Amino acid sequence: MGVALGRLVQWTAPGHGTRVLEKTPLNEAILKEIIMFAESFIYKHPQEAKYVFVEPLEWKTDLNPSAFESGYVVSATTVKSEESDENGQPLLFLSVPQIKVRSFGQLSCFLLIAKDTKLKEAQACIEGNRNPVAKILGLDYNTMKEESSILNILDKITKDNDTESEIKMKIAILLKQLDVNLLNHSLKCISLEIPLHPAAVKNDIELLKRFSGKGEQTVLESIKYTSDYEYPNGCRAPPWRQILGEICYVLVKPHDVETLCITCSEEGVFLNGGKTDDEEINYERKGVIYKDLVTCLKEKSAKFSENMSKQKTRFNEELQKEKNKPNETPKKEAPGALRKAIPGSDKTMLEKNQINFGKSNMIKRLEPSLNWKTTIDSKEVSIHEERHGGRVEKSAPSVSAGKAQLIRKSGEKVEEIVSESSSESEEDEEPPDHRQEANADLPSEYWQIQKLVKYLKGGNQTATVIALCSMKDFNLAQETCQLAIRDVGGLEVLINLLDTDEVKCKIGSLKILKEISHNPQIRRNIVDLGGLPIMVNILDSPHKSLKCLAAETIANVAKFRRARWAVRHHGGITKLVALLDCAQNSAEPAQSSLYDARDVEVARCGALALWSCSKSYANKEAIRKAGGIPLLARLLKTSHENMLIPVVGTLQECASEENYRAAIKAERIIENLVKNLNSENEQLQEHCAMAIYQCAEDEETRDLVRMHGGLKPLATLLNNTDNKERLAAVTGAIWKCSISKENVTKFREYKAIETLVGLLTDQPEEVLVNVVGALGECCQEYENRVIVRKCGGIQPLVNLLVGINQALLVNVTKAVGACAVEPENMMIIDRLDGVRLLWSLLKNPHPDVKASAAWALCPCIQNAKDAGEMVRSFVGGLELVVNLLKSDNKEVLASVCAAITNIAKDQENLAVITDHGVVPLLSKLANTNNDKLRRHLAEAISCCCMWGRNRVAFGENKAVAPLVRYLKSNDANVHRATAQALYQLSEDADNCITMHENGAVKLLLHMVGSPDQDLQEAAAGCISNIRRLALATEKARYT
């Protein structure tokens, strides 16, 4: 069993955290064999089953004590077996969740008790006891490896000629036989597996591309690789994933399901965790492994399976043509090549990082091509956009490709955007990437830095300081230099120097770490090596230079979730907030000494680190609880621009939370944000505008921005369109401020509406969403609707209705609907086919877009010249609207009811929607507590009563009684709409009876005295109809 577990069982990749068994068919088969052996042991070998293990097998179990019955002493949290050893120790002891088993007999019984969970328990047992033979028989039998034989076992056992030794011998032989059985069984499983290779995967993907595209007959909408770069061995996966047998990753969009992110590996094809918001792939397998890509897609998409069966003959012909082409399979690199590339002096370091290059793990794995420099030639690689300090920077110009650039292409992981989940526990990450190949083509700096690292490792204090100074002279912003330090083990040395008492060494080390931590891979290496806790401790140092460097390095490292978690976990947030207090007197002009300048720098670095950390919800809360808001507010009054940028950046990140917005108002921060909008620094302007955008959800904040004169600089900044990030922030702030009518009036004075109309073309979507949102708010007023028309804004707005961005579509439909209130605007919208485009958006899969489109259709129908004919001209349009009444979304239902109210004003259209079953669908919605839906539903029912026997049908579908309850609402609009609906329904005698029975008369009597004339008339008319019926009934009784 020792050889099988050591050689064949497949464990998760080495890296951060405990390694566990992978969920593979081979592992499952091995576990089942072990379970069969252990379960039957008590019956086949009753004597040996009583043998007490040298050490108990221990693991964490999911079984509850209640599962154990006779033969055990059971309490609430513990279980003891009645069987015990010579010392009175129970052979099975469970203390939830830890279990200890000391004999095969108890192990057999335990598996029988486990029933359906025995496979999970067996896995936990193997993971918790990596060397079970040594625990069962003792350390003397730990040599039962592949060279073991029955003679070796006998030689060990017969040294002690007693009964226990004989039993040990029998158990050892049984375990050896189990080992052989596992090896044979595994060999059969492995022999049935036909590993995929890159050429076959590439052929499948290229064929599927030919059969993909728009249209119902294509097998897929699209299929594409996640990476454009192909290594010489045919793989597209990064080198550190190729070692695990992975070939490439593809994004597949079937016709009937969401986009699938699929991993193609030697073992087969499987779904991975997909792409995160920052375009990083979650490599963890989700679900089962399929033999090839087509089989996987058939299982995941019914439409793909259907269309593939139709195209099967053609697909097979194309596949045969591909097979017949002379195609040389990419040559695999020899395993030795990888080992050769690793200097012998780095062996210990690699063992630290737990990168296993053992030959047993390399048998079935593709080798990555490491000849990176020679295979790239002159291809240019663009640097990833990196989220830096809360804003997305422009991509740097493409640079000439070389070894370092290709490593960035293959190895750089875009930093993770924190999720707003309640937990920020450590996430699984990729194992570290490979070291650079020993290659004479590397630049001389690479080798010089490696020599300096050797001096750092072996030199005395003076040599260490000199080596650090010499290393700082290199261009550490160059990736080759950064990776040279890492590859030779320099990171470990630099981090160790931080733990010394020598200040000069700490300063030198932090200066280097600060520079090289801009590299995403090195950031992760620093966290893996435990560098963050040491840096957090340095924040308590009395030396201000050390504090600054440590905080700046933390700011660079804390760009991904696990690093931010580590800073908070080790108390870093509280210490960073304390740094902000160093500059408490810096705003006073009288104090301008060197010491005050250092205080300002300490506070600036603290704010910089908090900015990086504040992308996590938990860290935002920690900053608030540590008293960070008053300190940030104080720093906001300073005149130092380099201080203001991280301070405003931190506030901008935190302002997404309601608690922070309230605190920002309380600390009077808005005034300073408005003041800094007039700064000459574009980055500062951007972050101030973004902070206003976040805070202006609140009406009081919008008023404060106007009171402090913030609207004029926002309007002025609209004219500077070169910086798109700043323009997006400014238009966002204008959008939110435009929610208040007083602000809209100011924007009209500042000619901002004309400028916004000019921004409707040739702008990125981030800007367009905000521009259209602002126009949608401004066009609620007549004057602004006229301005938009005169400036030619209707056409670009209508043109945007054909987009796919959900947020943009929601805003543009609102803006078009607001413009359609004016008949002149409506004529232009109709001429541009805008109403048809709005109607087509009712088919959009996003509920927000459907609702917004339906609201926009209401003024279009009201103000169109021949609305009835226009609506009927849309083929299937009325049926589409009626079917939307089956939605579960309250906003969609309210908007569709409003649209039906306008549609039903035309008798022909009312007849059509009646035929489509509008009455029963409206009746089903009557039992709702949502006042917005109640109002528009009542209006729709009122209008639908005007056709045929719809009044009777509403009564038959039990819509009347729920409507009476609407009169108890606190909303006057609901009262008016409901009274009008009841008035129409009261034309039918049965409905009058239902209203009377449900107490409608008493409620309507109160509303007859309402100041709302429409409500008065409807209530009085309804009472009149009910009374008239009562009189007729009474007269009939006496005649």
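Residues numbered from 1 in each chain as written. Predicted model: local features only at pLDDT ≥ 70, side-chain atom pairs only at ≥ 80, totals over all residues. Heavy atoms only, no water.

Under an unreviewed UniProt entry, the chain has the name Outer dynein arm-docking complex subunit 2 and belongs to Pipistrellus kuhlii. Check the Function (unreviewed entry) section of the UniProt entry for the chain; it says "Component of the outer dynein arm-docking complex (ODA-DC) that mediates outer dynein arms (ODA) binding onto the doublet microtubule. Involved in mediating assembly of both ODAs and their axonemal docking complex onto ciliary microtubules." (UniProt positions renumbered as here; feature names shortened; annotations may be inferred.)

Student: Let's hear about the overall build of the chain: which residues, and what values?
Tutor: Across its full length, the chain holds 58 helices and 14 strands. Sorting the 1039 residues of the chain into buried and exposed places 53% on the buried side. Excluding contacts between residues fewer than 6 apart, the proportion of contacts in the chain whose partners are at least 24 apart in sequence is 69%. Here the chain has roughly 47,900 Å² of accessible surface; of this, 49% comes from carbon and sulfur atoms. (Helix = DSSP H or I, 4+ residues; strand = E, 2+ residues; numbered from the N terminus. Buried < 20%, exposed > 50% of the residue type's maximum accessible area, 1.4 Å probe, protein only. Contact = heavy atoms within 4.5 Å. Areas by Shrake-Rupley, 256 points an atom, 1.4 Å probe, with all protein chains shown as cover.)

Student: Please provide a residue-by-residue account of the UniProt feature "coiled-coil region" (unreviewed entry) in the chain, values included.
Tutor: The residues that UniProt annotates with the feature "coiled-coil region" (unreviewed entry) are residues 663–690. Between the first and last C-alpha atoms of residues 663–690 the distance is 17 Å; the span itself is 75% helix and 0% strand.

Student: Can you explain the pattern of salt bridges? Please cite residues and give values.
Tutor: On inspection of all chains with the given rule, the structure shows 39 salt bridges. Where E206 meets K209, a salt bridge forms, and the shortest distance between an N and an O atom there is 3.9 Å. Of this pair, E206 and K209 both sit in helix 9 (residues 198–210), 3 residues apart, which is roughly one turn of that helix. Since its relative accessible area comes to 30%, E206 is described here as partly exposed. The class of K209 is partly exposed, set by a relative accessible area of 33%. A salt bridge links K575 to D540; the nearest nitrogen and oxygen atoms lie 2.9 Å apart. Highlighted residues: K575 in helix 27 (residues 572–580) and D540 in the loop between helix 24 (531–538) and helix 25 (544–557), separated in sequence by 35 residues. Several salt bridges converge on common partners, so that one network encompasses K514, E552, E601 and R604. (Salt bridge = Lys/Arg side-chain N within 4 Å of Asp/Glu carboxyl O.)

Student: Explain the sheet that holds strand 6 (residues 222–225) residue by residue, including any values.
Tutor: As summarised here, the arrangement of the 5 strands in space is 6-7-8-9-10, forming an open sheet in which the pairing is antiparallel. The sheet is open, and its two edges are formed by strand 6 and strand 10 (281–290), each paired on a single side. In this sheet, adjacent strand axes meet at a mean angle of 35 degrees when their direction is disregarded. The pairing of strand 7 (residues 246–253) with strand 8 (residues 260–265) spans 6 bridges and is antiparallel. Among the inter-strand pairings, C248 is bridged to a residue of strand 8, identified as C264. Across the face of the sheet, helix 11 (residues 293–300) comes into contact with strand 6, strand 7, strand 8, strand 9 (268–275) and strand 10 while running at roughly 150 degrees to strand 8. (Pairing = 2+ DSSP bridges. Axes fitted to C-alpha atoms, helices over the stretch in contact; angles between N-to-C directions.)

Student: Lay out the sheet that holds strand 3 (residues 78–81) with the relevant residues and their values.
Tutor: If you trace the 5 strands from one edge of the open sheet to the other, you get 1-5-4-3-2, paired in antiparallel fashion. Both edges of this open sheet fall to strand 1 (52–60) and strand 2 (72–74), since each of them pairs with a single strand only. Along the sheet, successive strands turn relative to each other by an average axial angle of 10 degrees, direction set aside. As paired elements, strand 3 and strand 4 (residues 92–95) share 3 bridges and run antiparallel to each other. Within strand 4, the residue paired with K80 across the bridge is F93. Against the sheet, helix 4 (residues 104–114) makes contact with strand 1, strand 2, strand 3, strand 4 and strand 5 (98–103), and its axis sits at roughly 135 degrees relative to strand 5, the strand it touches most.

Student: Can you break down unusual backbone geometry residue by residue, with the values?
Tutor: For the peptide bond that leads from V96 to P97, omega is 5 degrees, which places it in the cis range. Residue placement: P97 occurs in the loop between strand 4 and strand 5. In the Ramachandran plot, R668 falls in the positive-phi region, its phi being about 55 degrees despite a non-glycine side chain. The residue R668 is located in the loop between helix 32 (658–666) and helix 33 (669–676) in this model. Look at K958: it is not a glycine, yet its phi comes out positive at around 55 degrees.

Student: Give me the packing of aromatic side chains: which residues, what numbers.
Tutor: This model, assessed by the stated rule, comprises 12 aromatic pairs. Members of the aromatic cluster, joined through ring pairs, are F37, F41, Y51, F53 and F104. Over the aromatic face of F270 sits the side chain of R285, whose NZ or CZ is 5.9 Å from the ring centroid. (Phe/Tyr/Trp six-rings, centres within 6.5 Å; stacked < 30°, edge-to-face > 60°. Lys NZ or Arg CZ within 6 Å of the ring centre and 35° of its normal.)

Student: Can you lay out the environment of L174 for me, pointing to particular residues and giving the numbers?
Tutor: By the secondary structure assignment, L174 is in helix 8 (residues 163–192). Once residues within four sequence positions are removed from consideration, L174 is found in contact with F37, F41 and H45.

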